[in-house]
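Here is what each chain is made of, one letter per residue.
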Amino acid sequence: MEKKSSLGLMGGICFVLLLAVPIGNLCAQGGKEPIKIGIDI
Amino acid sequence: MNIKQGYDLYLQEIGYKIAGRPISVVEYDNQTDPKLSLEVAQKLVEKDRVQILCFGTNSAAAIAVRGYAEKAKVPMALVGMAGSERVTLPPSRYIFTMGYADGQMETPQARYAYEKLGFRKMALMGPDYAGSTGKLWAFQQEFEKRGGKIIQTILWPLGEMDLAPYFARLKPEVEAIFPFVPGDISINRFFKQYFELGLDKKINLTTHLAFAEDYFTLPIFKDKMIGITSAGLYCLDFNSPENKRVTERFYAKYGKKKLMNTDASVGYESMKFIVTALQAIGGNIEDTEGFLNAMHNTKMKGIVSTSVSVDANGNVIRDVLIRQIQKKDGVIKNVVLNVYPQVRQPPEGYTVMPRK
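The numbering scheme is per chain: residues are counted from 1 as the chain's sequence reads. For this description, chains carry letters from A and ligands carry numbers from 1, given in the order in which they are written. Per-residue local features of the predicted model are confined to residues with pLDDT of at least 70, and side-chain atom pairs are confined, for both listing and counting, to 80 or more; whole-chain, interface and lining totals are unaffected and use all residues.

Things to note about the overall build of chain B
Numbering goes from the N terminus for both helices and strands, where a helix is a DSSP run of H or I of at least four residues and a strand is a run of E of at least two. Scanning chain B from terminus to terminus reveals twelve helices and 14 strands. For the radius of gyration, the atom set is restricted to C-alpha positions; the globular benchmark scales as 2.2 Å times the number of residues to the power 0.38. By the compact-globule yardstick of 21 Å for 356 residues, chain B fits well, its C-alpha radius of gyration being 20 Å. Seen through its C-alpha atoms, chain B measures out along the principal axes to roughly 65 × 50 × 35 Å.

This is the structure we're talking about:
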């Protein structure tokens, strides 16, 4: 039972993190448009 | 490819971000084809909507794209146009040439050959096309101005495979050769025949940088290369904290299979130059005029150069190194003999080769 619970908890943490990363990035960038650089080698 | 490694190395260092704005990179391979280069530039601007172009390519491809970038009003940083086009083409506020060009290295190199290496009678050798003869001309101008004499200029058709008949023409009084041939295969062939004919025991070589890169010809010809001098923009052995730092980062990212080199350093510095200008305007690339002014006003420290900036025509100004291949600490490598600070394009005293 304990094992199942911890797996469930981990799943919850992962879900929160996955959501948090893009939101965090948007905040850090202030939602600004990217600067686009074209490279031709 | 090496230039691209330099671009990526710098962008990774700043986390692909300038003044809070993310940097998005779109890239293609022009295969050094002028027609394809133009198509790629159009695609980058019109489809991908890029705001800055970075071209690392040969002169023909660079010239093809240059006009388009100006017409489209998209700033372009070039590592290419190594001939005299920077002087002969009308300048454009949109174009920044970050690599070297005819005369920029040959002028200090010829001066060093005369003043420090003591050469008085030299020969020039290379294929008969402008990419080669422009460099030979640049060397000759300065060497003869100093008091030396070019007693032979030996040219062959571009693509010639056997150079032995041309080496055979060298007069016994020739003390040193300044050669130029384009591309890795041609350089290897030049050295192979030069060594096979035993010329290394009779005639000195002072070469274009591509002949004497630590990662390229030194592992092939090893101690036969000792003594050869060249002018360059980079030297792995250059002792500075910035060179040490960037080189360590280069190996951390790409491994040690290939040594840190000139192209990677020029790519790194070109991207750093662009980013420095963007930072000065708070990342506001939509202000094209502001960005162009910032590029013209940017002055930054290079990996080995005390300063990297551009002149009013967008041509890079940087230190030029005179390098010599030596055995140092048990390793055959280039070491720096002298530094000519802040060499411009065109350098003082240089004039473009007259057309035939």
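Quick word on the confidence of the model for chain B
Regions with low pLDDT carry predicted coordinates that are not meant to be interpreted in detail. Per-residue confidence from the predictor is reported as pLDDT, which spans 0 to 100. Per-residue confidence for chain B gives a mean pLDDT of 92, with 96% of residues at or over 70. Model confidence for the complex: the whole-complex pTM is 0.87, and ipTM, which rates the interface, is 0.87.

Structural notes on the domain arrangement of chain B
Residues and elements named next belong to chain B. Domain ranges listed in this record stem from an automatic or a database domain assignment. Here the domain parsing of chain B yields domain 1 (2-101 + 261-317) and domain 2 (106-237 + 320-343). Centre-to-centre separation of domain 1 and domain 2, based on C-alpha positions: 29 Å. With 13 residues of domain 1 at the contact, the number on the domain 2 side is 14 residues. At three residues, the largest contribution of residues to the side of domain 1 that touches domain 2 is made by helix H11 (residues 262-280). Residues are grouped as follows: Ala, Val, Leu, Ile, Met, Phe, Trp, Tyr, Cys and Pro are nonpolar; Asp, Glu, Lys and Arg are charged; every other residue, Gly included, is polar. Here the residues of the side of domain 1 that touches domain 2 are counted per class, giving five nonpolar, eight polar and no charged. Placing a C-beta atom from the backbone of each residue, one calls two residues in contact when those atoms lie within 7 Å.

Here's the deal with the packing of H11 of chain B against helix H12 (residues 288-297) of chain B
All names here are of chain B. What counts as an axis is a line fitted to C-alpha atoms, over the stretch in contact for a helix, and the angles between N-to-C directions run from 0 to 180 degrees. Relative to each other, H11 and H12 sit at 125°, their axes nearing to 8 Å. In this view, H11 runs oblique relative to H12, as classed from their interaxial angle. Crossing handedness for the pair H11 and H12: right-handed. Two secondary-structure elements touch here, H11 through Ala277, Leu278 and Ala280 and H12 through Phe291, Ala294 and Met295. Within the contact of H11 with H12, the residues separate by chemical class into six nonpolar, no polar and no charged. In this scheme, roughly parallel covers angles under 35 degrees and roughly antiparallel covers those over 145, while 65 to 115 is roughly perpendicular and the rest are oblique. Crossing handedness is read from the near helix: turned anticlockwise from the far helix by less than a right angle, it gives a left-handed crossing, and turned clockwise, a right-handed one.

So, the interface of chain A and chain B
Residue-level contacts link twelve residues of chain A with 33 residues of chain B. By residue class, the composition of the side of chain A that touches chain B is five nonpolar, three polar and four charged. When DSSP finds two or more bridges between a pair of strands, those strands are recorded as paired. When strand E1 (residues 35-40) of chain A meets strand E3 (residues 52-56) of chain B, the two strands line up parallel, connected through four bridges. Paired with Ile39 of chain A across the two strands is Cys54 of chain B, which belongs to E3 of chain B.

Regarding the nonpolar core
Remark: nonpolar core denotes a set of buried Ala, Val, Leu, Ile, Met, Phe, Trp, Tyr and Cys residues whose joining runs through C-beta atoms within 7 Å. To sort residues by burial, count the other C-beta atoms lying within 10 Å of each one's C-beta; a count of 20 or more means buried, 12 or fewer means exposed, and anything in between means partly exposed. C-beta atoms are built from the backbone. Core analysis: the largest hydrophobic core is formed by 99 residues, its most contacted members being Leu53, Cys54, Leu78, Met98, Ile274 and Leu278 of chain B. It is H11 of chain B that provides the largest number of residues to this core, a total of nine residues. Built from parts of two domains, this core gets at least three residues from each of domain 1 (2-101 + 261-317) and domain 2 (106-237 + 320-343) of chain B. Setting aside chain neighbours within four positions, we find Leu278 of chain B in contact with Ile35 of chain A together with Ile18, Ala19, Gly283, Ile285 and Phe291 of chain B.

Focus: the confidence of the model for chain A
On average, residues of chain A score 52 in pLDDT, and 24% of them reach the 70 mark or higher. A low-confidence stretch, residues 1-30 of chain A (pLDDT under 50), is modelled with five contacts involving residues beyond four sequence positions or located in other chains.

Structural notes on unusual backbone geometry
All names here are of chain B. A positive phi angle, near 60°, is found at Lys73, a position not held by glycine. Positive phi values are uncommon outside glycine, yet Gln342 reaches one of about 50°. Mapped onto the fold, Gln342 is located in strand E14 (residues 331-343).

A word on the packing of helix H1 (residues 2-13) of chain B against helix H10 (residues 241-254) of chain B
All names here are of chain B. Between H1 and H10, the least distance of the axes is 11 Å, while the angle of their chain directions is 100°. In this view, H1 runs roughly perpendicular relative to H10, as classed from their interaxial angle. Contact residues: Gln5, Leu9, Gln12 and Glu13 in H1; Arg249, Phe250, Lys253 and Tyr254 in H10.

Observations concerning the pairing of E3 of chain B
Look at any regular strand and the pattern is simple: side chains alternate between the two faces of the sheet. Residue and element names in this part refer to chain B. Here E3 lies mainly inside the structure; five of its five residues are buried. Side chains of E3 alternate between two faces, with Ile52, Cys54 and Gly56 and Leu53 and Phe55 buried alike. Inspection of the sheet shows E3 paired to strand E4 (residues 76-79) by four bridges, in the parallel sense. Directly across from Gly56, in E4, lies its bridge partner Val79.

Digging into the sheet that holds E1 of chain A
The sheet built from six strands is open, its strands ordered E1(B)-E2(B)-E1(A)-E3(B)-E4(B)-E5(B) with mixed pairing. Each edge of the open sheet is held by one strand with a lone partner, namely strand E1 (17-18) and strand E5 (95-97) of chain B. Where H11 of chain B meets the sheet, its contacts fall on E1 of chain A together with E1, E3 and E4 of chain B, and the angle it forms with E4 of chain B comes to roughly 165°.

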